[in-house]
Amino acid sequence: MTDRAPDLHPDAKTILDRVGLPPTHALSIDGAREALRDLLVDDELPDDDLTVHDLSIPGPDGPETALGMRTYAPPGDDARPVLVYFHGGGWVRGDLDTHDGLCRLLAEAADCVVCSVDYRRAPEHPFPAPVHDAYAATKWAAEHAGVVGGDPDRIAVGGDSAGGNLAAATTLMARERGGPAIDHQVLLYPVTDYDFDTDSYHENASGYLLSRASMQWYWARYLDDEIDGANPYASPLRAPDLSGLPSATVVTAGYDPLRDEGAAYADRLRDAGVSVTHAEYPGMVHVFASFPDLDRARDARATVASDLDAAFGR
């Protein structure tokens, strides 16, 4: 690891001290998946009042591509807004369990139903399969919100890292296909461009949890052909027109290779007339919002909840 920057936030130092794992690009596919589970899965029973169900929903090609979905509903009989959530993990790792804690925290903070999607992962299912899964799950949630205690007229999408990439791509696909209507997009340190030459990629190439080499490893497994990296569904920042998209919350971290592309996407959305909150956390590292006990993480989740409230008209 490189020497840590003097302005690294204490919460970021806590995260880095907890990790202690080989970088993703040095692991096998199975090893990388297990490493993320070791970092994020909490075996303790959660202390919350949420109603949690595991479902199977049709995928983009019907029952043969069925998708897993885990729903989190706050107590009460009123239909809540719905946040369809896509987990991070470079399209290669991550699952319903690695993001169970974060989805619970978001459901509580935003007082909404969270539908966490178990989309197909690369390299077994490379681009564009995960994008099609994300769109199919969002469409299903909009059409069947009542099944999970949700309001079909108040739908948002969100995700972290590669999941943020899928959320952004889903809004593009929904705009081009005429629905479903999406009120808001939550993009936590999202991947928005197939480009490793930004300032943040060079400044944070190693030593801060997510590395440049690991992002190259992820992309190499996500894309069957490098030319697909120019497709806006893979690189939303390259979409020629971002007008007419849902309002957005974009969270970025200062010591994250993805910082600049997240900020650039927020700027592009704003320039296209989209209402955007860009919450930058200068001293933080990638994945920080997943940690329940850190102040900066609580602040980021509160920002997301406040923006969702506004988007849902509450």
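As the structure is a prediction and not an experimental result, all values here were calculated from the model. What you see as residue numbers is a count from 1 along each chain, following the sequence as written. It should be noted that, the model being predicted, local features are given only for residues of pLDDT at least 70 and side-chain atom pairs only at 80 or more, the latter also being counted only at that level, while totals for whole chains, interfaces and linings use all residues. As a rule here, side-chain values cover all heavy atoms of the structure and leave hydrogens and water aside.

(A) Looking closely at the packing of helix α3 (residues 100-110) against helix α9 (residues 295-311). Where helices are involved, their axes are fitted lines through C-alpha atoms of the stretch in contact, as for all axes, and angles between N-to-C directions lie from 0 to 180°. Numbering of helices and strands runs from the N terminus; a helix is a DSSP stretch of H or I covering at least four residues, while a strand is a stretch of E covering at least two. Contact pair α3 / α9: the axes reach a minimum separation of 9 Å and the direction vectors enclose 50°. Here α3 is positioned oblique relative to α9, judged by the angle of their axes. For the pair α3 and α9, the sense of crossing is right-handed. Residues L102, L105, L106, A109 and A110 of α3 touch α9, and the partners they reach there are R301, V304, A305, L308 and D309. All residues other than Ala, Val, Leu, Ile, Met, Phe, Trp, Tyr, Cys, Pro, Asp, Glu, Lys and Arg, Gly among them, are scored as polar; the first ten of these are nonpolar and the last four charged. When the residues that make up the contact of α3 with α9 are grouped by side-chain class, the tally is eight nonpolar, no polar and two charged. Our angle categories are set so that under 35 degrees counts as roughly parallel, over 145 as roughly antiparallel, 65 to 115 as roughly perpendicular, and the remainder as oblique. Two helices cross in a left-handed way if the nearer one is turned anticlockwise from the farther one by less than a right angle. They cross in a right-handed way if the turn is clockwise. Any pair of residues with heavy atoms lying within 4.5 Å of one another is described as a contacting pair.

(B) Highlighting the side chain of D193. On the secondary structure map, D193 appears in the loop between β6 (184-188) and α6 (199-203). Here's how the labels work: a residue is buried when its accessible area is under 20% of the maximum for its type, exposed when over 50%, partly exposed in between, all with a 1.4 Å probe on protein chains only. According to the relative accessible area criterion, D193 is buried, its value standing at 10%.

(C) Spatial organisation of the pairing of strand β2 (residues 62-73). Pairing of strand β1 (residues 51-59) with β2, which is carried by eight bridges, proceeds in the antiparallel orientation. Bridging across to β2, V52 finds its partner in Y72. Here β1 hands over to β2 after two residues, the two strands then running antiparallel side by side. Should DSSP find at least two bridges between two strands, the strands are taken to pair. Alignment of β2 against strand β4 (residues 113-118), held across five bridges, turns out to be antiparallel. For Y72, the partnering residue across the bridge sits in β4 and is V114.

(D) View of α9. Here the expected span of a helix is defined as 1.5 Å times the quantity of residues minus one. Along its 17 residues, α9 runs 24 Å from first to last C-alpha, staying within 8% of the 24 Å computed at 1.5 Å per residue. Among all positions in α9, only A297, A300, R301, T303, V304, A305, D307 and L308 are buried. A positive phi of about 70° marks G313, the residue just after α9.

(E) Focus on unusual backbone geometry. In this structure, the amide linkage connecting A122 to the following residue, P123, adopts the cis form with an omega of 0°. As for its position among the elements, P123 is in the loop between β4 and α4 (129-143). The step from F127 to P128 runs through a cis peptide bond, and the omega angle for that step is 10°. With respect to the element layout, P128 can be found in the loop between β4 and α4.

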